[in-house]
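Tertiary structure, described
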Amino acid sequence: MSAVFRLRLLLDVVAIGLIVACLAYWWLDNLAHEIFGTALFALVIGHNVFNRRWYGGVAKRRLDAVRIVNLATIACLALGMTIMLVTSLLISRDLLPFMALDGAFAVRELHMFAAYWVLLVIAIHLGTRWQVVMNACAALLRLDGKSRWRTAGLRVVTAAVAALGVRSTVEMGFGSKLMLTYALDMWDFNASTLQFFVNYALIVGLFAAVTHYALLLARRGRSGV
């Protein structure tokens with residue numbers, strides 16, 4: 001695994017962490033939130049620079065289920081990140097206060113709405129690339145060849161993460177947040193900070209796993225396996 005690939009993978013992981021950190025707004029002051037958000041946009045730009053060759057080859061690739069879902073998630077991510085960027089400029093209070101609108105409650109709501117959808121789409125995007133992630137981890141840990149026991153163990157862990165992810169989805173009111181019908185009392189911000197981050201990590205794991213195995217079943221069904 002090349003150093004460039006490792007760096008790309010690290011940037012993706014850091015980007016997910018920054019999104020979840022930004023969702024913990026009520027534990028942070030506004031300045032920290034805006035700094036994390038700015039770092040996230042910088043990482044998104046870096047991600048696109050590292051993957052610039054991919055865009056040039058899109059039209060040349062044969063489309064299958066994985067590539068269609070991948071293209072759809074990238075388009076949704078581009079839309080979501082654009083909405084987050086524009087709205088962040090309009091509600092900034094510390095880094096760019098001269099651009100902020102007075103009041104702008106609806107803009108803040110739209111900003112949060114886009115953030116939750118971006119997290120979901122990133123989880124789905126991660127699911128489309130899960131085999132690449134697993135191969136990278138195997139190379140990093142120097143795990144050679146296939147092991148039936150290791151595969152079985154990883155599937156048990158995945159099932160556990162998915163099950164806990166369902167619970168976290170309910171506990172965090174994630175579905176309601178995606179519909180913009182949530183209230184701030186859906187999470188007790190006096191509760192454990194670690195649990196907040198664990199819950200969102202499990203939600204990401206749930207949707208990544210569902211996407212990965214749904215596409216795997218689609219490929220096998222198409223091949224008649």
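From a predicted model like this one, the values you see are computed outputs, not experimental measurements.

This part covers the overall build of the chain. Scanning the chain for helices and strands turns up nine helices and zero strands. In sequence order, the chain lays out its α and β elements as α-α-α-α-α-α-α-α-α. Going through the 225 residues of the chain one by one, you find that 33% of them count as buried. Across the chain, every contact between residues at least 6 apart in sequence was considered, and the portion connecting residues at least 24 apart equals 74%. Looking at the chain as shown, the accessible area adds up to about 13600 Å², and 69% of this sits on carbon and sulfur atoms.

A separate point is the packing of aromatic side chains. All told, the structure shown has five aromatic pairs when counted by the stated rule. Among the aromatic side chains, those forming a connected cluster through ring pairs are Y116, F174, F196, F197, Y200 and F207.

Another point: the side chain of T211. Note that T211 resides in helix α9 (residues 193–223). Excluding anything up to four places from it in sequence, T211 contacts I124, G127 and T128.

Here helix α2 (residues 30–50) crosses helix α4 (residues 65–91) at 145°, and the two axes come no closer than 12 Å. When the axes of α2 and α4 are compared, the crossing they make is left-handed. In contact with E34, L40, F41 and V44 of α2, α4 contributes M81, M84, L85, S88 and I91. Tallied by class, residues from the contact of α2 with α4 come to seven nonpolar, one polar and one charged.

Looking at the element boundaries, L71 is found in helix α4. A sequence separation of 54 residues divides L71 from H125, and the C-alpha atoms of the two residues are 9.1 Å apart.

Our next topic: the side chain of H212. Inspection of the secondary structure assignment puts H212 in helix α9. H212 sits in the buried class, given a relative accessible area of 10%. In this view, H212 contacts G127, W130 and Q131; residues no more than four positions away in its chain are not counted.

This next bit is on a nonpolar patch on the surface. A grouping of L31, I35 and L95 is seen on the molecular surface, where their side chains present a nonpolar patch of about 240 Å² in accessible area. You can see L31 is positioned in helix α2. Residue L31 is classed as partly exposed on the basis of its relative accessible area, which comes to 38%.

L23, L40, M84, V118, L119, F174 and Y200 are the most contacted members of the largest nonpolar core, which has 30 residues in total. Of all the secondary structure elements, the ones that give two or more residues to this core are α1 (3–23), α2, α4, α5 (105–128), α8 (174–178) and α9. Sort the elements by how many residues they give to this core and α5 lands first, with nine residues.

How each quantity is defined
Residues numbered from 1 in each chain as written. Predicted model: local features only at pLDDT ≥ 70, side-chain atom pairs only at ≥ 80, totals over all residues. Heavy atoms only, no water. Helix = DSSP H or I, 4+ residues; strand = E, 2+ residues; numbered from the N terminus. Buried < 20%, exposed > 50% of the residue type's maximum accessible area, 1.4 Å probe, protein only. Contact = heavy atoms within 4.5 Å. Areas by Shrake-Rupley, 256 points an atom, 1.4 Å probe, with all protein chains shown as cover. Phe/Tyr/Trp six-rings, centres within 6.5 Å; stacked < 30°, edge-to-face > 60°. Axes fitted to C-alpha atoms, helices over the stretch in contact; angles between N-to-C directions. Left-handed = near helix turned anticlockwise from the far one by under 90°. Nonpolar A, V, L, I, M, F, W, Y, C, P; charged D, E, K, R; others polar. Patch = residues over 30% accessible without salt bridge, like charges linked within 9 Å, V, L, I, M, F, W, Y side chains within 5 Å. Salt bridge = Lys/Arg side-chain N within 4 Å of Asp/Glu carboxyl O. Core = buried A, V, L, I, M, F, W, Y, C linked by side-chain atoms within 4.5 Å.

Read these as geometric descriptors, not functional statements.
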